[in-house]
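Residues per chain, in single letters:
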Amino acid sequence: MHNNQPGFKNLIRFTTAGSVDDGKSTLIGRLLYDTKSIFEDQFQHISESSKRLGRQEIDLSLLTDGLRAEREQGITIDVAYRYFATPSRKFIIADTPGHTQYTRNMVTGASTADLAVILVDARTGVLEQTLRHTFIASLLDIRYIIFCINKMDLVNYSESAFNSVKTSLTEIAKKLSAENVYFIPISAKYGDNVVHPSENMPWFKGQTLIQLLENIEIPVNKNPNERFRLPVQTVIRPHSDDFHDFRGYAGRISGGVVKTGDEIIILPYRLRSKIKSINIFNNSLTEAYDGDSVTITLEDDIDIGRGNLICSADDIPRDSSELTATICWFNEVNLQTGRKYILRNHTNETLCIVKSVNYILDINTLKRNYSENNVRMNDIAEVVIKASQTIFYDPYRKNNVTGSFILIDEFTNETVAAGMIERDY
Amino acid sequence: MKINDSHLKELENEAIYVIRETAAQFEKKVILFSGGKDSIVLVHLARKAFWPAKMPFSLLHIDTGHNFQETLDFRDNLASKFGIELIIRYVQDSIDKGRVKEEQGINASRNRAQSVTLLDALEELGIDAAIGGGRRDEEKARAKERFFSHRNEFGQWDPRNQRPELWYIFNGKKNQGEHFRVFPISNWTELDVWLYILKENIELPSIYFSHRRKIFFRNGVYLAWAPFMKLKPEEEVFEADVRCRTVGDITCTGLVISKASTVKEILEEVAITRVTERGGRYDDKRSEAAMEDRKKEGYF
């Protein structure tokens, strides 16, 4: 079965979370600068800004500051996306702020990431925020975590300083069941072990950050045993002479492999059929994979529409109108239990209410507060949701697409929460 | 030169997904077509997304009246070749109606005036989703742009009030009069766009390739000379082999001296080039937050 699977990702999406002083912006600036992803006009621009701000050296962190409000306040308040490429891979960085009041931004950045880069100050070691950043990465099911122990220049590039931080991080990773964890001693400011191996730390035999990013093997299929899921986005009916009876279901494969002839089930109707054809544009394929945007046709004429789920017939998602989910609250207005919200999972939409709050999590200590049920902005809570129709889903860890949803305020249209179904941790 | 392009498939899958979400979530949709390579790539992706049916979008072009003729010819051919409805609105009409005041002087450009014509067109046509070729790598204000970017009833973008986008669940809900700008190729870089044009063999207007043209030099940028452009006394018009890196209004489209006459040759130049694409865009140079200000006003 694995022979048919595509290999490893060549487009790596990673998230960085950091607070004002831990050197995150400098690290990103350094990655862009040392991989030659900075252009002359950008470089000239930050050189001038550095001078104007009275910095002695060129401040690479200025490369990643975005909007005017942020420039004025000197903080990052949103998720910003950065791009760089090496000869073998393309990278997308979701750059997020790191304070508790930006938990929602961190959650957003983490939701599409394959990997997390977490900065730890070598002088202070593990802080509350380190636990917070690692927890959010793990909550969103990021399976690869690289801890960069930064500011090694300020601890004389000491191996023992690195080892003591590493020991405490290993404990955290174990507590959060993080699977693939890496540790690199760096100095973002001077570039040690970011792109080039450090001459100041000959004791470190591991890969530099960029070497690791270039060599790390992240499977295209997150879960090898994941089965075929296709949330239908839209129905394609050309009504043309050449394709008179063509009725195609367009969507992005969200898990597994699909082959022509495969037996499938259509939810919520529980009707069975077989895959007749798989198309990407005018190419007829015999199989397609997780992540592919395809158009499929079926052997039987069935009335299927947006929001329906086409699934492998031998592994049907769970169904219930009552869901236990871990949510992150995004809105300034607190969650109101009993009030109606719009629930959107994949391409499907229904009304729901939040029946009850099981607990609110203190993300700095990971303690569960069972007595508090006022869910405020940036809170992470486990709740019970009652939907107006049966929801077909997979637990989030099994499938991030069929296991996730957002809640929308039906009056303001704002996205007020993001949820992960049956996310046990 | 060898450049790895195996990541293009994922970028294409993502863009097609976004385009299909736009078709499904909105009533009246257009592709904002400038004649530039990004909007041409969008048309290609939209054709792929709905094959064998036609795309459920028209093309909307805001004509500043200062366009390269090659671009306009290309636009007309493209629309008729693929049977896509083409809607054109003119900045000149907005000026004549007194909706916008034309800039005067040496650096006068209709680039900013476009926003007024665009917003008027969206309102007139009842458009609730306008798909654009904006990319996050272009400019720092764009680094935080969403795939589905909400605009209020004045067509304005509020960077502090953008909807969070988690996973690939896009929320296109809106009130009457509001609209969305949608950016399916947000995650592409200039290099990705060129690699994709090569891989998919996408046709481009001739001005993207090396050609002989009358040009002059201003503030570090080569600009195309046109009869309506005012020159400073020290500026001299001369001929050179040039190509466009971005295509927009003539008054602000920077040219590069180049002999590259194929996509492959352009790619080689892009891969080693040391100036950002918008570094040649005169409109971005006006102030530190020039792009951010124009976006708030309703710019593309």
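Nothing here was measured: the structure is a model prediction, and the numbers come from that model.

Caption draft 1: Examining the overall build of chain A more closely. What chain A contains, in helices and strands, is 7 helices and 23 strands. In terms of C-alpha radius of gyration, chain A reaches 24 Å, essentially the compact-globule figure of 22 Å for 425 residues. With respect to the principal axes defined by its C-alpha atoms, chain A has extents near 70 × 55 × 40 Å. The proportion of buried residues among the 425 residues of chain A is 60%. Partitioning the intrachain contacts of chain A with sequence separation of at least 6 by distance along the chain shows that 70% fall at a separation of at least 24.

Caption draft 2: Molecular detail of the pattern of salt bridges. According to the stated counting rule, one finds 48 salt bridges over all chains in the structure shown. Ionic pairing is found between Asp95 of chain A and Arg82 of chain A, a salt bridge with its closest N-O pair at 3.9 Å. One end of the pair, Asp95 of chain A, is in strand S3 (residues 90-97); the other, Arg82 of chain A, is in strand S2 (residues 80-85), with 13 residues separating them in the sequence. Using a relative accessible area of 7% as the deciding quantity, one classes Arg82 of chain A as buried. One connected set of salt bridges, linked through shared partners, spans Lys9, Arg13 and Asp114 of chain A together with Glu10 and Glu14 of chain B.

Caption draft 3: Here's a closer look at empty space enclosed by the protein. Under the definition given, this model contains 6 cavities of 30 Å³ or more. Its volume calculated, the second largest cavity comes out at about 140 Å³. Taken together, 15 residues form the lining of the second largest cavity, with Arg13, Tyr81 and Thr112 of chain A together with Arg136 and Asn187 of chain B sitting closest to its centre. The set of elements that each furnish at least two residues to the lining of the second largest cavity consists of strand S1 (11-18) and S3 of chain A. Here the lining of the second largest cavity takes 3 residues from S3 of chain A, the largest share from any one element. Of the residues contributing to the lining of the second largest cavity, the split by class is 9 nonpolar, 3 polar and 3 charged.

Caption draft 4: Spatial organisation of helix H6 (residues 159-175) of chain A. Residue and element names in this part refer to chain A. With 17 residues, H6 ought to run about 24 Å at 1.5 Å a step, and its terminal C-alpha atoms sit 25 Å apart, in line with that. Restricting attention to buried positions, one finds in H6 the residues Ala161, Phe162, Val165, Leu169, Ile172 and Ala173. Buried residues of H6, seen end-on, are gathered within an arc of 100° and therefore sit on one face of the element. Exposed residues pointing more than 90 degrees away from the buried face of H6 are listed as Ser160, Glu171, Lys174 and Lys175. Those residues of H6 that are buried are in contact with strand S4 (115-121), helix H5 (128-139), strand S5 (144-150) and strand S6 (180-185).

Caption draft 5: Region of interest: the sheet that holds strand S3 (residues 86-90) of chain B. Residues and elements named next belong to chain B. Strands sit in the order S3-S2-S1-S4-S6-S5 across an open sheet of 6 strands; the sheet is mixed. Two strands in the sheet have a free side with no partner beyond their single neighbour: S3 and strand S5 (148-151). When strand polarity is set aside, the average angle formed by the axes of neighbouring strands in this sheet is 30°. As paired strands, strand S2 (residues 58-63) and S3 are joined by 5 bridges and run parallel to one another. Within S3, the position partnered with Leu60 by the bridge is Ile87. Helix H1 (residues 8-25) contacts strand S1 (29-32), strand S4 (129-131), S5 and strand S6 (179-182) of the sheet and is inclined by roughly 40° relative to S5. Packing of helix H5 (residues 114-125) onto the sheet brings it into contact with S1, S2, S3, S4 and S6, and relative to S2 it is tilted by some 145°.

Caption draft 6: Structural view of the packing of H1 of chain B against helix H2 (residues 37-50) of chain B. Residue and element names in this part refer to chain B. Contact geometry of H1 with H2 gives a least axis separation of 9 Å together with a crossing angle of 75°. As far as their axial angle goes, H2 and H1 are roughly perpendicular. Facing Glu12, Ala15, Ile16, Ile19, Arg20 and Ala23 of H1, the residues of H2 in contact are Leu42, Leu45, Ala46, Lys48, Ala49 and Phe50. Split into classes, the residues belonging to the contact of H1 with H2 amount to 9 nonpolar, no polar and 3 charged.

Caption draft 7: Main features of the domain arrangement of chain A. Looking at the assigned domains, one finds that chain A contains domain 1 (2-215), domain 2 (229-312) and domain 3 (318-421). Each of domain 1 of chain A and domain 2 of chain A has a C-alpha centre, and the two are 40 Å apart.

Caption draft 8: Broad picture of a nonpolar patch on the surface. All names here are of chain B. A surface patch of nonpolar side chains, about 210 Å² in accessible area, is lined by Trp225, Leu231 and Val237. Mapped onto the secondary structure, Trp225 falls in the loop between strand S8 (221-224) and strand S9 (238-244). With a relative accessible area of 32%, Trp225 lands in the partly exposed category.

Rules and cut-offs
Residues numbered from 1 in each chain as written. Chains lettered and ligands numbered in written order. Predicted model: local features only at pLDDT ≥ 70, side-chain atom pairs only at ≥ 80, totals over all residues. Heavy atoms only, no water. Helix = DSSP H or I, 4+ residues; strand = E, 2+ residues; numbered from the N terminus. Rg over C-alpha atoms; globule rule 2.2 N^0.38 Å. Buried < 20%, exposed > 50% of the residue type's maximum accessible area, 1.4 Å probe, protein only. Contact = heavy atoms within 4.5 Å. Salt bridge = Lys/Arg side-chain N within 4 Å of Asp/Glu carboxyl O. 1 Å grid on protein atoms, 1.4 Å probe; cavity = no way out; pocket = protein on both sides within 12 Å on 5 of 7 lines; lining within 4 Å. Points joined across faces, edges and corners; volume = space filled by probe spheres on them. Nonpolar A, V, L, I, M, F, W, Y, C, P; charged D, E, K, R; others polar. Expected span 1.5 Å × (residues − 1). Arc of directions from axis to C-beta. Pairing = 2+ DSSP bridges. Axes fitted to C-alpha atoms, helices over the stretch in contact; angles between N-to-C directions. Parallel < 35°, antiparallel > 145°, perpendicular 65-115°, else oblique. Domains from an automatic or database assignment. Patch = residues over 30% accessible without salt bridge, like charges linked within 9 Å, V, L, I, M, F, W, Y side chains within 5 Å. Areas by Shrake-Rupley, 256 points an atom, 1.4 Å probe, with all protein chains shown as cover.

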